[in-house]
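Summary of structural features
One letter stands for each residue in the lines below.
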Amino acid sequence: MARETVLTQESASEDPKRDAALRPKHLREVIGQQAAVQRLSIAVNASKKLREPLAHILFDGPPGLGKTTFATVLPTELGVSIQMTSGPALSKPADLLPFLTNLEEGSILFIDEIHRMPRVVEEFIYPAMEDFRIDIVLGDGMNARTISMNLKRFTLIGATTRSGMLSSPMRDRFRIHEHLDFYTVPELATIVRVNAQKLGTQISDEAALELAQRSRGTPRIANNRLYWVRHFAASESDGIITLPIARAALEMAEVDRDGLDKQDRRYLETLLGVFGGGPAGVEAIAATMNLPADTLSDEIEPYLLREQFIVRSPRGRIATPRGFTAMGHTPRDLSSPETLPRLF
Ligand SMILES: Nc1ncnc2c1ncn2[C@@H]1O[C@H](COP(=O)(O)OP(=O)(O)OP(=O)(O)O)[C@@H](O)[C@H]1O
Ligand SMILES: [Mg+2]
């Protein structure tokens, strides 16, 4: 009973224009992630006062939590330029050259999905990160010679949803690591209200809270929900987003009360339907869903674990009573003496 809808599909993919329109421009506009904001403000101030480039920074965390947002806010704070590329676009060292030669003193090079950069490119970038220098090999065979080229002092910002896939020499070359975690409902409600204002739409506090509750702890999903509800309000009412309007719109888009998306539901359906609620190993669930195990452990499970739809046990993932109820199943009786030994 996969309930696919326009909205859940939308929220799974990225809409760059939409992201850019609502993205905070300054650190002070970033909502939530306050510990990261404070540490980064200190790094920015120090960099300005000491006239040193910002230390290389790695952002990791599930999709839509603000990695690109932080990366684009920092150059504004520093008053420097930013160049953006991504791991998959850099298939060989030469692909990096235009970015490295265009650097300005203190400017930022942002590499998204940095875990997908091939090893040869990674090794090419090490001296650039450490000594602001690259080694270029000219010619080949007997005539090959290496020339060293100095670069402007710059800051590399990497973003990844899979920090586990990054090689440890690469990870260690970032002096600042920021792990972005899911947002609380009040934080998401604030994001919804601020963004409604940016879009010139009126929204009641209760409606903002309702959207926040159904956004899977993720600002990008909250924004997608807001766009849909805003259109619904404009078409079906006077354009003002009230609680009944928000509920009706979300109902129509089949966003469930917990805000789970298509992949979350498929995961829970597999765990419940195929594995009887578990315990099931992540590899087995991944094979059944026809997805890489990494996608499960890095993108789907963090939220389900945090919200206790599932738990981890030595023998694998187990659906909690909340996981059962969310999918319309009757929870297993965990207190019964027969089920316990089977589970643990
Ligand atoms: N802390 C925040 N405060 C306000 N809005 C935010 C915040 N974080 C993210 N957003 C909103 O969510 C949108 C998506 O965030 P962003 O593109 O930075 O996510 P991401 O972590 O880079 O995702 P991906 O891994 O898919 O690249 C932004 O355009 C912005 O509107
Ligand atoms: Mg991004």
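Residues numbered from 1 in each chain as written. Chains lettered and ligands numbered in written order. Predicted model: local features only at pLDDT ≥ 70, side-chain atom pairs only at ≥ 80, totals over all residues.

A few points about the site of ligand 1
For ligand 1, the set of nearby residues contains 22 residues, the closest of which are Gly66, Lys67, Thr68, Thr69 and Pro219. Of all the elements in the fold, those that place two or more residues in the shell around ligand 1 are helix H2 (16-22), helix H4 (67-78) and helix H10 (219-236). Classifying every residue of the shell around ligand 1 gives 9 nonpolar, 8 polar and 5 charged. Residue assignment places the shell around ligand 1 across two domains, with domain 1 (33-179) and domain 2 (185-252) each supplying three or more. (Near = placed C-beta within 6 Å. Helix = DSSP H or I, 4+ residues; strand = E, 2+ residues; numbered from the N terminus. Nonpolar A, V, L, I, M, F, W, Y, C, P; charged D, E, K, R; others polar. Domains from an automatic or database assignment.)

Regarding the pairing of strand E5 (residues 145-150)
With respect to burial, E5 is a largely exposed element, only 0 of its 6 residues being buried. Where strand E4 (residues 133-138) and E5 come together, 6 bridges link them in antiparallel fashion. The residue bridging Leu138 from the neighbouring strand is Arg145, located in E5. What sits between E4 and E5 in their antiparallel hairpin is a turn of 6 residues, with Gly139 showing a positive phi close to 70°. (Buried ≥ 20, exposed ≤ 12 C-beta atoms within 10 Å, placed from the backbone. Pairing = 2+ DSSP bridges.)

Topic: the sheet that holds strand E3 (residues 108-112)
Strand order in the open sheet formed by 5 strands is E2-E3-E6-E1-E7, with parallel pairing between adjacent strands. With partners counted over all chains shown, the strands left at the sheet margins are strand E2 (82-86) and strand E7 (176-179), one partner each. In this sheet, neighbouring strand axes are inclined to one another by 15° on average, regardless of whether the strands run parallel or antiparallel. Summarising the sheet, E3 and strand E6 (residues 155-160) pair through 4 bridges and their orientation is parallel. Counted as the bridge partner of Ile108 is Thr155 from E6. Sheet strands touched by H4: strand E1 (57-60), E2, E3 and E6. Its angle to E6, the strand with the most contacts, is close to 165°. (Axes fitted to C-alpha atoms, helices over the stretch in contact; angles between N-to-C directions. Contact = placed C-beta atoms within 7 Å.)

Structural notes on the UniProt feature "binding site: DNA" (unreviewed entry) in the protein
The positions that UniProt labels "binding site: DNA" (unreviewed entry) are, in the present scheme, Arg312 and Arg317. Not counting chain neighbours up to four residues away, the residues in contact with Arg312 comprise Leu305 and Arg317. Looking at the element boundaries, Arg317 is found in strand E9 (residues 316-319). If sequence neighbours within four positions are ignored, Arg317 has contacts with Leu271, Gly278, Pro279, Ala280, Val282, Ile285, Ile310 and Arg312. (UniProt positions renumbered as here; feature names shortened; annotations may be inferred.)

Overview of the nonpolar core
Leu74, Val192, Leu211, Ala222, Val229, Ile241 and Ala246 are the most contacted members of the largest nonpolar core, which totals 75 residues. Looking at which element gives the most residues to this core, the answer is H10, with 6 residues. (Core = buried A, V, L, I, M, F, W, Y, C linked by C-beta atoms within 7 Å.)

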